[in-house]
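# Summary of the model geometry
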Amino acid sequence: MSITVGNSEFRPLPTSPEAKITGVHESLLQDCEKDIIWYRENFIGKPHLNYLSDSSPKGPLAISILLDADTYKILLRSNLGSERLSIPKSNISVPFFRKLLGLGAPISSIINLIDKSIPAGCLKLIKDVNLPGELLAMEERQVIRSYKFGVIYLKDGQSTEIEALSNTHESTSQAFRNFLNFLGESIELKGWKGYRAGLDVSGTNLTGTKSVYTKWQGYEIMFHVSTLLPYSESDKQQLERKRHIGNDIVIIAFQDTDKPFQLQTITSHQNHVAMVVQPSGQGFKFTVVAKVGVPTFTPDIPEPAIISTDAVSRDFFLHKRKNCLLLPVD
């Protein structure tokens with residue numbers, strides 16, 4: 001793989017000889033999806049308590065508490081995210097009189113173990129039978145189901161972003177077109193009813209006539225392919241193409257050249273992760289680079305970083321890119 005870091009903020013992500021090209025696994029799930037599964041499996045249809053607060057030190061709160069045998073299961077939701085907790089019943093003190101009356105631990109004792117900064121007095125027990133379903137619906141609304149990625153093409157002898165953005169689709173190689181087929185299907189933008197990622201579907205062709213799209217694992221993915229976006233001979237920077245690709249957190253740079261791609265020529269502050277891809281036999285080899293400060297993310301990259309064109313390789317490649325977008329970035 002041929003890249004030049006130069007004075008850019010990008011750094012290659014590490015590879016591992018132990019890592020394997022695998023299909024989808026648990027890390028595909030967003031945290032909020034894990035919360036949904038946990039709440040559905042452990043709380044829905046079972047007697048449990050729901051407390052709400054609109055004025056806690058953490059802002060609005062929704063806390064679900066269930067006693068499962070000898071363990072309290074707790075889901076705490078706030079503006080900062082959700083926490084799934086399991087606390088042994090024996091860890092929570094119960095006053096003698098409550099034991100005498102067969103009552104469980106008071107909410108104050110449970111909250112004190114969860115977070116001492118939350119006063120129990122700000123929580124209100126809600127007995128509305130519809131609340132569990134509403135909390136589940138709230139969780140489901142937080143799941144991101146649509147993603148967009150930029151794709152640029154570097155033909156033989158090219159090494160900069162501006163050169164990549166200057167290519168027409170007619171000048172691309174068969175290898176690049178095979179790669180686009182690997183990513184998704186070609187769709188007509190006019191009248192398109194699915195996720196459009198800011199592309200014009202009115203028929204006026206403001207963003208070209210075609211794009212590449214896929215529906216994968218319940219997610220919609222649209223690719224902003226540079227060579228399918230409008231090209232202007234009079235605009236050396238190709239700002240119309242840059243307007244879309246420059247706003248994508250993750251971009252893919254396909255190389256038909258061994259000339260190093262100069263990462264310092266990527267000028268957008270929004271591009272945080274780049275996957276640089278080259279043809280390799282019947283598949284592709286790739287390098288993943290990320291800006292300094294971007295946390296590591298799964299799945300791990302094997303050494304050598306080579307994928308074929310089968311379904312498992314495609315799952316791995318899409319999974320790696322999708323997980324980039326779940327990272328906290330500035």
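Everything discussed here concerns the structure shown above.
Description of the structure in this document.

This next bit is on the nonpolar core. Of all hydrophobic cores here, the largest spans 37 residues; its most connected members are Phe179, Leu183, Phe223 and Phe317. Contributions of two or more residues to this core are made by β9 (146-154), α6 (174-183), β11 (210-216), β12 (219-225), β13 (250-255), β15 (273-280), β16 (283-291) and α8 (311-324). Core analysis: the next-biggest nonpolar cluster, separate from the first, contains 22 residues, Ile187, Tyr213, Ala253 and Ala274 among them.

Among the residues of helix α3 (residues 107-114), those classed as buried are Ile107, Ser109, Ile110, Ile111 and Ile114. Contacts made by the buried residues of α3 are with β4 (49-56), β5 (59-68), β6 (71-78) and β7 (81-88).

Note on placement: Val24 falls in the loop between β3 (15-16) and α1 (31-42). By relative accessible area, which is 31% here, Val24 ends up partly exposed. Each C-alpha atom of the pair Val24 and Val276 lies 21 Å from the other, and the pair is 252 residues apart in sequence. Setting aside anything within four residues of it in sequence, one finds Val24 in contact with Trp216, Gln217, Asp315 and His319.

For the rest of this paragraph, the subject is the side chain of Ser56. Locating Ser56 in the fold gives a position in strand β4. On the basis of relative accessible area, Ser56 is assigned to the buried category, the value being 11%. Of note is the side chain of Ser56, whose polar atom sits 2.5 Å from the backbone oxygen of Gly59. Dropping the residues within four chain positions of it, Ser56 is found in contact with Leu61 and Cys122.

Unoccupied space between atoms shows up once a probe the size of one water molecule is rolled over them. Each pocket or cavity is described by its volume, and for the second largest pocket that value is around 290 Å³. Lining the second largest pocket are 17 residues, and of these Leu67, Tyr72, Gly104, Ala105 and Ile110 lie nearest its centre. Here the lining of the second largest pocket is composed, by residue class, of 13 nonpolar, 1 polar and 3 charged.

Its location among the elements puts Lys89 in the loop between β7 and α2 (96-100). Each C-alpha atom, one on Lys89 and one on Asp68, is 9.1 Å from the other, the two residues being 21 residues apart in sequence. Beyond its immediate sequence surroundings of up to four residues, Lys89 is in contact with Leu67, Ala69, Asp70, Thr71 and Tyr72.

Further remarks concern the pairing of β6. The side chains of a regular strand alternate, first on one face of the sheet and then on the other. Most of β6 is tucked away, with 7 of its 8 residues classed as buried. With 7 bridges connecting them, β5 and β6 associate as antiparallel partners. By the bridge assignment for β6, Leu66 is matched with Lys73. Taking the residues between adjacent antiparallel strands as the criterion, β5 and β6 are bridged by 2 residues, where Ala69 takes a positive phi near 60°. The hairpin formed by β6 and β7 contains 2 residues between the paired strands.

Procedures and definitions
Residues numbered from 1 in each chain as written. Predicted model: local features only at pLDDT ≥ 70, side-chain atom pairs only at ≥ 80, totals over all residues. Heavy atoms only, no water. Core = buried A, V, L, I, M, F, W, Y, C linked by side-chain atoms within 4.5 Å. Buried < 20%, exposed > 50% of the residue type's maximum accessible area, 1.4 Å probe, protein only. Helix = DSSP H or I, 4+ residues; strand = E, 2+ residues; numbered from the N terminus. Contact = heavy atoms within 4.5 Å. Polar contact = N/O pair within 3.5 Å; in protein donor to acceptor, adjacent residues only side chain to side chain. 1 Å grid on protein atoms, 1.4 Å probe; cavity = no way out; pocket = protein on both sides within 12 Å on 5 of 7 lines; lining within 4 Å. Points joined across faces, edges and corners; volume = space filled by probe spheres on them. Nonpolar A, V, L, I, M, F, W, Y, C, P; charged D, E, K, R; others polar. Pairing = 2+ DSSP bridges.

Shape descriptors only; they carry no functional weight alone.
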